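Descriptive analysis of the structure
One-letter residues, chain by chain:
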Amino acid sequence: MESGDDSVLRCRSALPKMPTISDLDGMDGESSNGEIHSNGKMEVERLISKKLQLKRKAEHLKSDLMRQFDSQVLEFMDSLIEESASLEPAPVPAVFSPLSDKERSKLRHLQGSSQGQGKQFLVRRSLLDELFEVNHIRTIYHMFIALLILFILSTLVVDFIDEGRLVLDFDLLVYVFGQFPLVVITWICMFLSVLVVPYSLFHTWASHYHESSHGTLWSLILGSLFLLYQGLGLGFLPTFVVVKNSFPPASCFIIILEQVRLMMKAHSYIRENVPKVLALAKDKSSSSPVSPLIPQLSHYIYFLFAPTLIYRDKYPRNPVIRWSYVASKLLQVLGCLFYAYYVFVRLCIPQFRSISQQLFDLRAMVLCVFNSILPGVLVLFLAFFAFLHCWLNAFAEMLRFADRMFYKDWWNSTSFANYYRTWNVVVHDWLYYYVYCDFLWMSKKRFRAAGMLLVFTMSAVVHEYILAICFGFFYPVLFCLFMCFGMMFNFILHDRRKGPIWNVIMWTALFLGQGVIICLYSQEWYAQRYCPLQEPSFLELLKPRSWSCHLQTNPAVDS
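The name given to the chain in an unreviewed UniProt entry is O-acyltransferase, with the source organism recorded as Salvelinus namaycush. Quoted straight from UniProt, the Subcellular location (unreviewed entry) entry for the chain says "Endoplasmic reticulum membrane". UniProt lists a comment for the chain under the heading Sequence similarities (unreviewed entry), and it reads "Belongs to the membrane-bound acyltransferase family. Sterol o-acyltransferase subfamily."

Moving on: the overall build of the chain. Helix and strand counts for the chain stand at 20 helices and zero strands. Across the 559 residues that make up the chain, the buried fraction comes to 39%. A separation threshold of at least 6 residues defines the contact pool for the chain, and within that pool the share at least 24 residues apart is 77%. Roughly 32000 Å² of accessible area belongs to the chain as shown, and the carbon and sulfur atoms make up 67% of that amount.

The subject of this paragraph is the UniProt feature "active site" (unreviewed entry) in the chain. The feature "active site" (unreviewed entry), as given by UniProt, occupies H463 in the numbering adopted here. Mapped onto the elements of the fold, H463 is located in helix α17 (residues 448–471). The exposure class of H463 is partly exposed, given its relative accessible area of 35%. Discounting chain neighbours no more than four positions away, the residues touching H463 are L478 and F482.

Our next topic: the side chain of T422. Within the secondary structure, T422 is located in helix α15 (residues 416–423). Residues in contact with T422, not counting those within four places in the same chain, are Y407, K408, D409, W410 and S413.

Turning to the state of the cysteines, a few remarks are in order. Applying the stated criterion to the full structure yields one disulfide. Disulfide partner of C368: C519, at an S-S distance of 2.1 Å. The sign of the 125° torsion about the S-S bond sets the C368-C519 disulfide as right-handed. On the criterion of sequence distance, the pair formed by C368 in helix α13 (residues 362–371) and C519 in helix α19 (residues 500–530) is long-range, its members being 151 residues apart. Here C368 falls in the buried class, since its relative accessible area comes to 0%. You can see C336 has no disulfide; the closest cysteine sulfur is in C390, sitting 5.4 Å from it. On the basis of relative accessibility, which here comes to 9%, the residue C336 falls in the buried class. Sulfur of C484: no disulfide; nearest cysteine sulfur belongs to C480 and is 5.4 Å away. On the basis of relative accessible area, C484 is assigned to the partly exposed category, the value being 46%.

Moving on, we come to the packing of aromatic side chains. Using the criterion set out here, one finds 46 aromatic pairs in the structure. Aromatic side chains F416 and Y419 sit 6.0 Å apart centroid to centroid with 75° between the ring planes, which places their arrangement in the edge-to-face category. With a gap of three residues between them, F416 and Y419 both fall in helix α15, about one helical turn apart. The two residues F416 and Y419 agree in class, both being buried. One residue, R529, lies across the ring of W525, its end atom 3.4 Å from the ring centre.

Let us look at helix α6 (residues 135–163). Because an α-helix completes one turn every 3.6 residues, residues spaced three or four positions apart along the sequence face the same direction. A rise of 1.5 Å per residue sets the reference length of α6, with its 29 residues, at 42 Å; its end C-alpha atoms lie 41 Å apart and thus fit the reference within 8%. For α6, the set of buried residues is Y141, L148, F151, T155 and D159. A positive backbone phi angle near 80° is found at G164, which sits one or two residues after α6.

Another point: the UniProt feature "transmembrane region" (unreviewed entry) in the chain. Here, UniProt's "transmembrane region" (unreviewed entry) annotation points to residues 140–161, 173–197, 217–243, 323–344, 364–392, 473–492 and 504–523. Here residues 473–492 is 80% helix and 0% strand, with 32 Å between the C-alpha atoms at its ends.

This next bit is on unusual backbone geometry. In this structure, Q179 takes a positive phi of about 55° despite not being glycine. Its location among the elements puts Q179 in the loop between α7 (171–176) and α8 (180–209). We classify Q179 as partly exposed; its relative accessible area is 34%. You will see that K444, though not glycine, has its phi angle at about 60°, which is positive. Within the secondary structure layout, K444 lies in the loop between α16 (425–442) and α17. K444 gets classed as exposed once you look at its relative accessible area, which sits at 66%.

The subject of this paragraph is the pattern of salt bridges. According to the stated counting rule, one finds ten salt bridges in the structure shown. Among the charged side chains, a salt-bridge network with shared partners connects R322, E397 and R404.

Attention now goes to the packing of helix α18 (residues 477–492) against α19. A pair of packed helices is characterised by two quantities: the angle between their axes and the separation of those axes. Axis separation between α18 and α19 bottoms out at 11 Å; the angle between their running directions is 165°. Put simply, α18 runs roughly antiparallel to α19. The way α18 lies across α19 gives a crossing that is right-handed. Where α18 abuts α19, its residues V477, L478, L481 and F489 lie against A509, G513, V516, I517, L520 and Y521.

Over its 18 residues, α16 runs 24 Å from end to end, which matches the ideal 26 Å to within 8%, given 1.5 Å per residue. Considered for burial, the residues of α16 that qualify are V425, V426, D429, W430, L431, Y434, V435, Y436, D438 and L440. Capping the start of α16, N424 holds a side-chain oxygen 3.3 Å from the backbone nitrogen of V426, two or three residues further along. Looking one or two places after α16, you find K444, whose phi comes out positive at around 60°.

What follows is about a nonpolar patch on the surface. On the surface, a cluster of nonpolar side chains totalling about 860 Å² of accessible area is made up of L217, L220, I221, L225, L228, L232, F236, L237 and F240. Secondary-structure assignment places F236 in helix α9 (residues 215–244). According to the relative accessible area criterion, F236 is partly exposed, its value standing at 45%.

Analysis parameters
Residues numbered from 1 in each chain as written. Predicted model: local features only at pLDDT ≥ 70, side-chain atom pairs only at ≥ 80, totals over all residues. Heavy atoms only, no water. UniProt positions renumbered as here; feature names shortened; annotations may be inferred. Helix = DSSP H or I, 4+ residues; strand = E, 2+ residues; numbered from the N terminus. Buried < 20%, exposed > 50% of the residue type's maximum accessible area, 1.4 Å probe, protein only. Contact = heavy atoms within 4.5 Å. Areas by Shrake-Rupley, 256 points an atom, 1.4 Å probe, with all protein chains shown as cover. Disulfide = S-S within 2.5 Å. Phe/Tyr/Trp six-rings, centres within 6.5 Å; stacked < 30°, edge-to-face > 60°. Lys NZ or Arg CZ within 6 Å of the ring centre and 35° of its normal. Expected span 1.5 Å × (residues − 1). Salt bridge = Lys/Arg side-chain N within 4 Å of Asp/Glu carboxyl O. Axes fitted to C-alpha atoms, helices over the stretch in contact; angles between N-to-C directions. Parallel < 35°, antiparallel > 145°, perpendicular 65-115°, else oblique. Left-handed = near helix turned anticlockwise from the far one by under 90°. Polar contact = N/O pair within 3.5 Å; in protein donor to acceptor, adjacent residues only side chain to side chain. Patch = residues over 30% accessible without salt bridge, like charges linked within 9 Å, V, L, I, M, F, W, Y side chains within 5 Å.

As structure tokens, this is what we get:
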């Protein structure tokens, strides 16, 4: 018993000590070798001692982990603060011109007013790139891939049953991307004109405005030339080429979307740089040169390719180009293109080829809208993923453009106001800074509702213009949805609406709107081909053909 008491005392004396792994292993070894005494009281005390030791060790590890976590959080916050400080606009280097301290302060103030109050570009990834690192979210991506595989299999099986062979000609893709060499030539001419004309006009104006005694007249002349170029060189000529040569839809979309993009970029370049020259010219006694304020041609060329519509002399850049990432995004764009092909082949063309020959009634219209919701939603998702995520990220990676916030979490929106802001951040930023904010500046912030109406109207007109030119007919469905339901939902489903139910309402309205768009535009597309007008008047061109076209014979045009 004395040896037992001694062992108990040894166990109790070991309680204050912090156990190590070797000690615990030693205890386990002793227990496995059968050296524990048979006395029940001693066994219980030994187990209690081991539990207390493990508890103290767990508390010690917990405190260590908390200290490490706190230190890592502090380091992260410090690096974030340093990074944000490094993104502040730097003063103009003195090597460009012998500016005085007063003039340098003016330029710093000018840079702060022209760029500091505008959009701030930061180093950030696209949201889907971050979400796809979560297995649960990536599974949804895999589900869409599985659906594409089923579309392909169903098309191959149906073609094999109908034709007795596999049909792999992709005639619809060949048709919609027709006249592609002419598309490339037209785009090259558009790009070269945007590269030369706006830059030359601004360079000429900025170089002579500060020295000229007729600055207002000089600004009026060159400003009129720039507006003439925007309206005639970029506005009319590409549209004329598209209409004259009867470009198919996809080829037409390439030219018209590039036309709108280049016009917006040219406006941003002039809008961001003109105020700097005007502010410098306000000081009549200033003899500082204007050359530091004229952007380099390389900056302008980079801006023309960069995935943003807001001009800056410099953007945050990534250190390297991940070519594997670029290849994966371009392959995903190609996959989305084939996905859209099978959506139209399996879900749209069979339905609208026959429904366009039926009598127009309410029942047929309701069925058409609800049957078009699925292909409309798939087209919406494909357009978002292919362009706003894959295409823009591919170009951003090739240019090492670090700010990848081309969209936000629009799928979580509980209001249409938030949806409009987060669906396409690239276009929203342009509309916000150059339409809404400039309108408020001109009206001295007195007509905010009018500024919002102006943004909606411009967006609706441009969207309808794109569809009218590319489809070859005027049917203002999207314009009415923008101006009527879009404006109404913007005020009814505003930012104060929170909760899951409002997200459900937003998705329901969005699905229904996509069904209406696919249904009405598809019906009009086939009606234009089933019931062509030989010599239509202007009013007949404005009247939707689907309202009066009801053929009972087989169509001559299938696509």
